[in-house]
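Structural features, examined
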Amino acid sequence: MTLPLCTGGVLLVVLAWELIRVRSKDAASRAWGSLSRWARGVSRVGAPSAGELYDPGRERRAEQRARALLRSCVSELDWAMYRDLGFLRVWGGGTGGTHERASYAYLIYPHKPIVAYVPQTGELLNEYCVTFPDQTRPYGSARLPNSDDVLAKWMAITADERRLIGEANMHLPGRQLDPERVRRDLARMERWERGRPAREPDGVRVA
Amino acid sequence: MKPGHGEIVLAEGDVEIPEQERELIEAFRRELDAGMWAAVPTERVGGRREAELVRCFEDVPRDAERVIFFPRAAGGSSPASRQPR
């Protein structure tokens, strides 16, 4: 009688121990997972404010908002160019946006130098390195979303070209951007424009 | 425009209502004091779009729908070698 009771007791103790061990392991694993996520958040976004963890969707949402803002500011043609090719073209020299009078133009890439070139020949003139850093780092980074960076360059060039160029670091072509890739982009743009309906002289599409 | 967030609405109001105009002016000055640039997107006859940089609230066209603040431009980093695009 005593032996079966003792055996049953031992089995209960062993089962209880196993249950406690498995649950403790899960809890420890969850705690480590949280810690890892927090650590990744710090390395990804710099120094989040107290209680703020890294949100992997935040930058994607930021870029979506930035694209909507860019689209609301530039012309339909410019938006289509950015959407399809990944860069914007701005006619230079205060020509009022008409390519017939422009002796040069700019290509605006997100977080890359602005490239000046001659539209008639495709000759690359200069690279202008310019950034728009927000030193308050509101979300741990000083870097604007891609489309906001393009919009900031577009606004600064169309509003006050000389001022922006004066702020930029000027280099010869090839400093940061591969000239061959820029030429390929110019060729892509030419093909892209040929594939679009006829446009009025000021660059506005005829609907 | 904010890094990591994109567009944030700072203030909204009607410039014809004095109280709301004061709020807009305060928000405008706060951003410029923080070192931001202010631009007003405009549309010319023919549909051409461009922007106008404004340095004081009086420069903002009365019929402007919005003013966009963005960090001041600075000369970018210039690594000696090219970076992959």
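Residues numbered from 1 in each chain as written. Chains lettered and ligands numbered in written order. Predicted model: local features only at pLDDT ≥ 70, side-chain atom pairs only at ≥ 80, totals over all residues. Heavy atoms only, no water.

**Focus: the overall build of chain B**
Across its full length, chain B carries one helix and four strands. Counting from the amino terminus, chain B carries its helices and strands in the arrangement α-β-β-β-β. Out of the 85 residues in chain B, the part that is buried amounts to 39%. Long-range pairs, those at least 24 residues apart, make up 51% of the contacts in chain B between residues at least 6 apart in sequence. Of the roughly 5,100 Å² that chain B leaves accessible, carbon and sulfur atoms contribute 45%. (Helix = DSSP H or I, 4+ residues; strand = E, 2+ residues; numbered from the N terminus. Buried < 20%, exposed > 50% of the residue type's maximum accessible area, 1.4 Å probe, protein only. Contact = heavy atoms within 4.5 Å. Areas by Shrake-Rupley, 256 points an atom, 1.4 Å probe, with all protein chains shown as cover.)

**Overview of the overall build of chain A**
A tally of helices and strands in chain A yields five helices and five strands. Taken from N to C terminus, the helices and strands of chain A fall in the order α-α-α-β-β-β-β-α-β-α. Taking all 207 residues of chain A together, 40% fall into the buried category. Intrachain contacts of chain A at a sequence separation of at least 6 include 55% that bridge at least 24 residues.

**Some details on unusual backbone geometry**
Excluding glycine, residues mostly have negative phi values, and the peptide bonds linking residues are mostly trans. All names here are of chain A. Look at H111: it is not a glycine, yet its phi comes out positive at around 55°. Here H111 shows up in the loop between β2 (105-108) and β3 (114-117). The phi torsion at R137 lies on the positive side, around 45°, for a residue other than glycine. Take R137: it is sitting in the loop between β4 (124-131) and α4 (146-167).

**Observations regarding the pattern of salt bridges**
Inspection of the entire model under this criterion finds 13 salt bridges over all chains. We note a salt bridge from E190 of chain A to R194 of chain A, for which the minimum N-O separation is 3.3 Å. Remark: R194 of chain A and E190 of chain A occur in helix α5 (residues 179-194); sequence separation between them is four residues, near one turn of the helix. Look at E190 of chain A and you get partly exposed, because its relative accessible area is 47%. Using a relative accessible area of 59% as the deciding quantity, one classes R194 of chain A as exposed. Residues participating in the shared-partner salt-bridge network are E16, E21 and R62 of chain B. (Salt bridge = Lys/Arg side-chain N within 4 Å of Asp/Glu carboxyl O.)

**Focus on the sheet that holds strand β2 (residues 49-54) of chain B**
Spatially, β2-β1-β3 (chain B) is the arrangement adopted by the three strands of the open sheet, whose pairing is antiparallel. Pairing within the sheet leaves two strands with one partner each, and these edge strands are β2 and β3 (68-71) of chain B. Taken over all neighbouring pairs, the strand axes of this sheet differ in orientation by 40° on average, direction set aside. Bridge count for strand β1 (residues 36-43) of chain B against β3 of chain B is four bridges, and the pairing is antiparallel. Residue pairing across strands places A39 of chain B opposite I68 of chain B, the latter belonging to β3 of chain B. Relative to the sheet, α4 of chain A contacts β1, β2 and β3 of chain B, its axis offset from that of β2 of chain B by approximately 55°. Contacting β1, β2 and β3 of chain B, helix α1 (residues 18-33) of chain B runs over the sheet at an angle of about 125° to β1 of chain B. (Pairing = 2+ DSSP bridges. Axes fitted to C-alpha atoms, helices over the stretch in contact; angles between N-to-C directions.)

**With respect to the interface of chain A and chain B**
Chain A puts 52 residues into the contact, and the matching count from chain B is 39 residues. In total, chain A and chain B occlude about 4,000 Å² of area from one another, counting both sides; carbon and sulfur atoms represent 56% of this. Summed over the shared surface of chain A and chain B, the number is two salt bridges. Where R55 of chain B meets D160 of chain A, a salt bridge forms, and the shortest distance between an N and an O atom there is 3.7 Å. Linking chain A with chain B are nine residue pairs in polar contact (both at pLDDT 80 or more). (Buried area = accessible area lost by both parts, 1.4 Å probe. Polar contact = N/O pair within 3.5 Å; in protein donor to acceptor, adjacent residues only side chain to side chain.)

**Looking at the packing of helix α2 (residues 58-73) of chain A against α4 of chain A**
Residues and elements named next belong to chain A. The geometry of α2 relative to α4 is characterised by a closest axis approach of 7 Å and an angle of 30° between their N-to-C directions. What the angle tells us is that α2 and α4 run roughly parallel. Contacts between α2 and α4 involve E63, A66, R67, L69, L70 and C73 from the first element and N146, S147, D148, V150, L151 and W154 from the second. (Parallel < 35°, antiparallel > 145°, perpendicular 65-115°, else oblique.)

**Observations concerning the confidence of the model for chain B**
Put simply, chain B has an average pLDDT of 87, and 89% of its residues get 70 or more. Overall fold confidence (pTM) sits at 0.75, and the ipTM for the predicted complex is 0.88. (pLDDT = per-residue confidence, 0-100.)

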